[in-house]
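Structural features, examined
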Amino acid sequence: MAYILGEREFWGLPFKVSPAVLVPRPDSETIIEAALALLADHARSWRLLDLGLGSGCLLLTLLHEFRAARGVGLEVSEDALAVARTNAAALKVGDRAELLLGDWRRPGWRDRLGGPFDLLVSNPPYIEAAAIAGLMPEVSRFEPKLALDGGPDGLAAYRAIATEAPRLVVPGGRLLLEVGEGQAPEIYKIFQSTGFTAEAPWKDLGGIDRVVSLKY
Ligand code: GLN
């Protein structure tokens, strides 16, 4: 439906969508809720990073809420990046956002991002590759596989991010990562092995541990 209408609301803000991006979901608003609680001074000039922008709903909503923050976003799909740029301009946060094309599956992907950042957010692909065909048809048939496919065990993107995360955030900085149902314990382990401290997960509206919080 969102692809037909070309728009979906997220955190009360209108986001343009196309079949190149995942449709923003209420579950992902959990990241915004956590960020607003953890970065309590909303007027500070926080430095934010979003890996896997899609529509831009995470980074652009954060820039809308943290009025003095600046953000960098990475996106692998040129078509998705164009959607995110359109949304950045429409939400009037484009002057504080640097939206870049890049692929965390390639070595050296971190080099152009700058930083270090106070907060890294991501809703990476986390569905086990073999499970995609069994998802609801509106997801499996219409949403971009690139935004869903987390490799054989669903965790490939987290491993790639964990490898570079220590060089992307400041000491005391945070990661807020959306995860699939039941994945939180494994993902905590992956990031603890690269020097992060686990904090309590954040639950979505269905009571599922949806966002893992990690402190550097
Ligand atoms: N939440 C999405 C779904 O269940 C998956 C999004 C993702 O892989 N990041 O369809």
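In this report, we go over the structure that sits alongside the text. (Residues numbered from 1 in each chain as written. Predicted model: local features only at pLDDT ≥ 70, side-chain atom pairs only at ≥ 80, totals over all residues. Heavy atoms only, no water.)

**Some thoughts on the overall build of the chain**
Our working rule: Comment: elements are numbered from the N terminus, with helices defined as DSSP H or I runs of at least four residues and strands as E runs of at least two. We take the radius of gyration over the C-alpha atoms and set the globule estimate at 2.2 Å times the residue count to the 0.38 power. When accessible area is computed with a 1.4 Å probe and restricted to protein chains, residues below 20% of their type maximum are described as buried, those above 50% as exposed, and intermediate ones as partly exposed. By definition in these notes, contact holds between two residues if any of their heavy atoms fall within 4.5 Å. Working definition of accessibility: Shrake-Rupley area with a 1.4 Å probe, residue cover restricted to the visible protein chains. The charge count treats Lys and Arg as positive and Asp and Glu as negative. His and the chain ends do not count. Charge positions come from single atoms, namely NZ of Lys, CZ of Arg, CG of Asp or CD of Glu.
Each helix and strand counted, the chain has 7 helices and 9 strands in total. Relative to the 2.2 N^0.38 estimate, which gives 17 Å for 216 residues, the radius of gyration of the chain is 16 Å and therefore close to what a compact globule would have. Expressed along its principal axes, the backbone C-alpha trace of the chain runs to roughly 40 × 40 × 35 Å. Residues counted as buried form 51% of the 216 residues belonging to the chain. In the chain, the share of contacts with a sequence separation of at least 24, taken over all contacts with a separation of at least 6, comes to 68%. Just so you have it, the chain exposes about 9900 Å², and 55% of that area is on carbon and sulfur atoms. Taking the average place of the 23 positive charges on the side chains of the chain and the average place of its 28 negative ones, the gap between the two points comes to 4 Å.

**Things to note about the packing of helix H2 (residues 29–38) against helix H3 (residues 57–65)**
Selection criterion: Whenever a helix is involved, its axis is fitted only over the stretch in contact; in every case the axis is a line through C-alpha atoms, and angles between N-to-C directions fall within 0 to 180 degrees. Here is the rule for handedness: rotate from the far helix to the near one, and if that takes an anticlockwise turn smaller than a right angle the crossing is left-handed, while a clockwise turn gives right-handed. The classification used treats Ala, Val, Leu, Ile, Met, Phe, Trp, Tyr, Cys and Pro as nonpolar, Asp, Glu, Lys and Arg as charged, and all other residues, Gly among them, as polar.
Across the interface, H2 lies against H3 with an axial gap of 10 Å and an inter-helix angle of 35 degrees. By crossing handedness, the relation of H2 to H3 is classed as right-handed. Two secondary-structure elements touch here, H2 through Ile31, Ile32, Ala35 and Leu36 and H3 through Leu58, Thr61, Leu62 and Glu65. Tallied by class, the residues present in the contact of H2 with H3 amount to 6 nonpolar, 1 polar and 1 charged.

**A few points about the site of the ligand**
Rule in force here: By convention in these notes, a residue is near a molecule or strand provided one of its non-hydrogen atoms lies within 4 Å of it. By the criterion applied in these results, polar contacts are pairs of N or O atoms within 3.5 Å in which, for protein atoms, one can donate a hydrogen and the other can accept it, and in which residues neighboring in sequence qualify only through two side-chain atoms.
The environment of the ligand is formed by Leu22, Arg25, Asn123, Pro124, Pro125, Tyr126, Ile127, Val139, Ala147, Leu148 and Glu178. Contact between the ligand and Asn123: a nitrogen atom at 2.7 Å from a side-chain N or O atom of the residue. For the ligand, a nitrogen atom lies 3.0 Å from a polar atom in the side chain of Tyr126. Here the residues of the shell around the ligand sort into 8 nonpolar, 1 polar and 2 charged.

**Notes on the environment of Leu175**
With respect to the helices, strands and loops of the structure, Leu175 is situated in strand E7 (residues 169–178). Residues Leu175 and Tyr158, 17 residues apart in the sequence, show an inter-C-alpha distance of 11 Å. With residues up to four places along the chain from it excluded, the contact list for Leu175 reads Leu120, Ala165, Val169, Phe191, Phe196, Val212, Ser213 and Leu214.

**So, helix H4 (residues 78–90)**
What counts here: To estimate how far a helix should extend, the number of its residues minus one is multiplied by 1.5 Å. When we speak of the arc, we mean the arc of directions from the helix axis to the C-beta atoms.
In this model H4 runs 19 Å from its N-terminal to its C-terminal C-alpha over 13 residues, within 8% of the 18 Å that 1.5 Å per residue would give. Looking only at H4, the buried set comprises Ala80, Leu81, Val83, Ala84, Asn87 and Ala88. Summarising the axial view, the buried residues of H4 lie within an arc of 160 degrees, below the 170-degree limit, and thus occupy one face. Summarising the geometry of H4, the exposed residues directed more than 90 degrees from the buried face are Glu78, Asp79, Ala89 and Ala90. Contacts from the buried residues of H4 go to strand E2 (13–16), H3, strand E4 (70–75) and strand E5 (97–101). N-capping of H4 is provided by Ser77, with a side-chain oxygen placed 3.3 Å from the backbone N of Asp79.

**With respect to the side chain of Glu143**
Tracing the chain through its elements places Glu143 in the loop between helix H5 (137–140) and helix H6 (156–164). Given the relative accessible area of 10%, Glu143 is considered buried. A polar side-chain atom of Glu143 sits 3.4 Å from a polar atom in the side chain of Tyr3. With residues up to four places along the chain from it excluded, the contact list for Glu143 reads Tyr3, Val21, Leu22, Val23, Arg25, Glu138 and Leu148.

**Comments concerning the sheet that holds E5**
Within a sheet, each strand pairs with its neighbour through backbone hydrogen bonds, oriented either parallel or antiparallel. The following threshold applies: The pairing criterion is simple: DSSP has to find at least two bridges between the two strands.
Within the open sheet, the 7 strands sit side by side as E5-E4-E3-E6-E7-E9-E8. Their pairing is mixed. Each of the sheet's edge strands pairs with one partner strand only, and the pair in question is E5 and strand E8 (197–203). Sheet twist, expressed as the mean angle between neighbouring strand axes with direction ignored, is 15 degrees. For strand E3 (residues 47–51) and strand E6 (residues 117–122), the ladder comprises 4 bridges, and the chain directions are parallel. Among the inter-strand pairings, Asp50 is bridged to a residue of E6, identified as Val121. Sitting on the sheet, H4 touches E4 and E5, and the angle it makes with E5 is about 170 degrees. Against the sheet, helix H7 (residues 184–192) engages E7, E8 and strand E9 (209–215), with an angle of about 15 degrees to E9.

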